[in-house]
Amino acid sequence: APETQPYRTSYHFQSPKNWLNDPNGPMWYKGFYHLFYQYNPHSALFGNGMVWAHSVSSDLVNWVHLNHALYPSEPFDITSCWSGSATILPGDIPVILYTGIDANNTQVQNLAIPKNLSDPFLEDWVKYSQNPLMTPPVGVEADNFRDPTTAWLGPDGKWNVIVGSWSNNQGMAILYQSGDFINWRKYKDPLYSTERSGMWECPDFFPVSINGTNGVDASVLNPTVKHVLKASFNSHDYYMIGAYVPETEKYIPDSDLTGTVTDLRYDYGKFYASKSFFDSVKNRRILWGWVNESDTPDDDIKKGWSGLQAIPRQIWLDRSGNQLVQWPVEEINKLHDKQINIENKILDNGSTFEIQYITASQADVEIVFELPELEEAEFFNPTWVDPQKMCTDANAAVKGRLGPFGLLALATKDLTEQTAIFFRIFKGHNAYVVLMCSDQSRSSLRDEVDRTTYGAFVNINPQHEKISLRSLIDHSIIESFGGKGRTCITSRVYPKFAVNKDAHLYVFNNGTLSVTISRLNAWGMNKAEIENKESFNALF
Ligand code: DQQ
């Protein structure tokens with residue numbers, strides 16, 4: 001019943017119970033999107049015996065849970081089946097490379113192939129008898145060698161794959177090559193390595209078009225693409241944009257990782273171990289990412305579950321070429337229910353205004369703000385380099401000039417519980433600075449939950465572009481997209497009172513200068529159908 005499970009989501013991907021983490025092996029095959037994911041069948045917490053749970057969908061919104069695709073069964077994965085990726089081989093043959101944890105807790109890379117290629121659900125997987133195909137190379141510890149990527153075909157006709165690692169105090173993408181997908185040889189140097197990171201988990205490597213939002217297959221290599229290299233470490237997904245040089249097997253980023261707050265991240269809140277895939281049906285690249293809980297392990301056990309997948313995001317290169325842009329896949333709009341529209345509403349100093357008539361606990365809100373008094377913005381202090389710190393030091397309750405303005409989500413009527421997603425605009429030396437915050441400090445009156453506030457800059461010029469915000473609100477998760485998807489912040493919140501019908505949604509302006517809502521569209525969201533196979537079969 002919803003009353004006893006106020007934090008279960010309505011339209012995010014969740015498993016019926018237990019622990020869930022990384023998305024694995026996403027792909028499209030014969031009419032269905034496949035999502036595999038790390039799952040603990042024994043507990044609401046992480047543990048040994050991890051499996052690849054498996055679900056399919058025709059629209060990325062409604063899902064059917066199938067039997068586990070991979071579970072510990074052989075010497076090369078008897079402790080756990082950890083993360084990995086799918087590659088579609090020529091002839092439309094999907095295969096999986098995944099990390100097995102063997103009886104000695106050594107991380108090895110294994111191959112699995114579908115038992116029956118004519119089954120569009122790909123329910124049964126066969127582990128290759130000669131596994132493992134890769135074992136930790138010299139200089140790499142047994143527990144620092146995991147998470148193979150989707151493979152790409154090089155111009156020389158060889159398959160390439162990278163495996164995440166940490167060796168010699170460097171995080172790295174170890175490169176392997178193969179002519180037949182079975183015999184893999186380590187390339188002499190990693191594709192990329194850096195001392196400015198931790199152990200590279202779940203690397204991802206893919207081309208993006210330099211013009212337009214279309215995605216391309218992993219093997220595309222020509223002057224119309226740049227390459228993205230992403231790694232998960234220190235609780236975040238960091239990425240670089242750059243060039244892939246197959247002759248030397250080097251990745252040359254436009255800017256190297258620095259190990260500081262200026263490194264690019266997919267999301268400046270909670271979003272980890274993400275993985276992208278090329279959707280050949282709609283010619284787009286789609287990104288999945290795991291969002292963990294912010295309440296305690298005791299709460300996970302009480303709830304009986306832990307972990308969500310973020311709404312899949314289409315991902316492409318920004319026109320500037322300097323960063324990626326992410327936007328919830330268009331299919332999510334199918335869940336739009338009742339809609340509210342507002343235009344040209346002025347929000348004066350201190351005003352708060354409720355968005356009524358929609359279910360505020362599960363909603364999709366898009367707002368575009370106009371800043372008639374932009375020139376009056378307060379000055380930016382160039383020593384402010386850490387946006388998360390700025391958002392923490394000056395939360396939504398701290399008055400400014402141009403901002404804070406934005407949304408109060410999952411709020412009680414008296415606003416004692418609220419999650420504020422807001423902007424502050426500053427006048428910098430030669431350019432305006434747009435700060436975006438997700439302020440969880442008052443998100444719950446329960447005191448055992450983590451209420452860390454997140455923040456990031458939005459790379460837009462408010463002289464030429466209005467300030468836009470889209471937030472997907474779903475009971476205990478808020479995914480926010482600032483500047484049309486240039487900056488993403490995902491948060492988990494656990495209000496005590498602002499649940500279900502008692503949750504409210506507001507627009508606010510706590511700056512002394514007024515701002516105008518030039519357009520607001522908000523929708524209540526219907527529940528996605530996420531069924532187990534038995535109830536799905538009963539439909540036929
Ligand atoms: N989760 C998996 C690992 C990966 C980590 C285990 C990242 O393969 O490195 O569940 O969250």
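Scoring rules and cut-offs
- Residues numbered from 1 in each chain as written.
- Predicted model: local features only at pLDDT ≥ 70, side-chain atom pairs only at ≥ 80, totals over all residues.
- UniProt positions renumbered as here; feature names shortened; annotations may be inferred.
- Helix = DSSP H or I, 4+ residues; strand = E, 2+ residues; numbered from the N terminus.
- Buried ≥ 20, exposed ≤ 12 C-beta atoms within 10 Å, placed from the backbone.
- Contact = placed C-beta atoms within 7 Å.
- Core = buried A, V, L, I, M, F, W, Y, C linked by C-beta atoms within 7 Å.
- Pairing = 2+ DSSP bridges.
- Near = placed C-beta within 6 Å.
- Nonpolar A, V, L, I, M, F, W, Y, C, P; charged D, E, K, R; others polar.
- Axes fitted to C-alpha atoms, helices over the stretch in contact; angles between N-to-C directions.

The name given to the chain in an unreviewed UniProt entry is Cell wall invertase, with Jatropha curcas as the source organism. Note on the chain: under the UniProt heading Subcellular location (unreviewed entry), the record states "Vacuole". As its UniProt record puts it under Sequence similarities (unreviewed entry), the chain is described as follows: "Belongs to the glycosyl hydrolase 32 family."

Peer 1: Would you mind going over the overall build of the chain in detail, with residue names and values included?
Peer 2: On a plain count of helices and strands, the chain comes out with three helices and 38 strands. Seen along its three principal axes, the alpha-carbon backbone of the chain occupies a region of about 70 × 55 × 40 Å. In the chain, which comprises 540 residues, the share counted as buried stands at 50%. The contacts in the chain between residues at least 6 apart in sequence include a share of 64% that link residues at least 24 apart.

Peer 1: Please provide a residue-by-residue account of the nonpolar core, values included.
Peer 2: Formed by 154 residues in total, the largest nonpolar core has its most connected members in Ala173, Ala363, Leu407, Ala409, Val434, Leu435 and Leu505. Sequence-distant contacts of Ala409, defined by excluding residues within four places in its chain, comprise Thr419, Ile421, Ser471, Ile473, Ile478 and Leu505.

Peer 1: Can you break down the sheet that holds strand E1 (residues 18-29) residue by residue, with the values?
Peer 2: Strand order in this open sheet of six strands is E21-E1-E2-E3-E4-E38, and the pairing throughout is mixed. Each of the sheet's edge strands pairs with one partner strand only, and the pair in question is strand E21 (305-306) and strand E38 (530-532). Direction of pairing for E1 relative to E21: parallel, over a ladder of two bridges. Across the sheet, Trp19 pairs through a bridge with Ser306, a residue of E21.

Peer 1: Can you explain the site of the ligand? Please cite residues and give values.
Peer 2: In the vicinity of the ligand lie 14 residues, with Gln38, Trp82, Ser83, Glu201 and Ala273 positioned nearest. Per-class residue counts for the shell around the ligand are five nonpolar, five polar and four charged.

Peer 1: So what's going on with the UniProt feature "domain: Glycosyl hydrolase family 32 N-terminal" (unreviewed entry) in the chain? Which residues, and what values?
Peer 2: Look at the UniProt record and you will see "domain: Glycosyl hydrolase family 32 N-terminal" (unreviewed entry) annotated at residues 12-328. Structurally, residues 12-328 is divided into 2% helix and 49% strand, and its ends, taken at the C-alpha atoms, are 12 Å apart.

Peer 1: Explain the sheet that holds strand E15 (residues 201-209) residue by residue, including any values.
Peer 2: The strand order across the open sheet built from four strands is E15-E16-E17-E18, with neighbouring strands paired in antiparallel fashion. The open sheet has two edge strands with one neighbour each: E15 and strand E18 (250-253). Taking each pair of neighbouring strands and ignoring which way they run, the sheet shows an average axis angle of 40 degrees. Examined bridge by bridge, E15 and strand E16 (residues 225-233) share seven bridges and lie antiparallel to one another. The partner of Glu201 across the bridge, within E16, is Ser232.

Peer 1: Which residues make up unusual backbone geometry, and what are the values?
Peer 2: With an omega of 0 degrees, the peptide bond between Asn131 and Pro132 qualifies as cis. For the peptide bond that leads from Gly403 to Pro404, omega is 5 degrees, which places it in the cis range. Counting through the fold element by element, Pro404 comes out in the loop between helix H2 (387-393) and strand E29 (405-411). Phi is positive for Phe181, close to 70 degrees, though the residue is something other than glycine. The backbone of Ser235 shows a phi angle near 70 degrees, a positive value even though the residue is not glycine. As for its position among the elements, Ser235 is in the loop between E16 and strand E17 (236-245). For Ser235, a count of 10 C-beta atoms within 10 Å puts it in the exposed group.

Peer 1: For the environment of Phe426, give the residues involved together with the corresponding values.
Peer 2: Among the secondary structure elements, Phe426 is positioned in strand E30 (residues 419-427). Under the C-beta neighbour-count criterion, Phe426 is labelled buried, with 21 such atoms within 10 Å. Through-space distance from the C-alpha of Phe426 to that of Gln38 is 42 Å; in sequence the pair is 388 residues apart. Leaving out residues up to four positions away in the same chain, Phe426 has contacts with Ala377, Glu378, Phe379, Phe380, Tyr432 and Val433.

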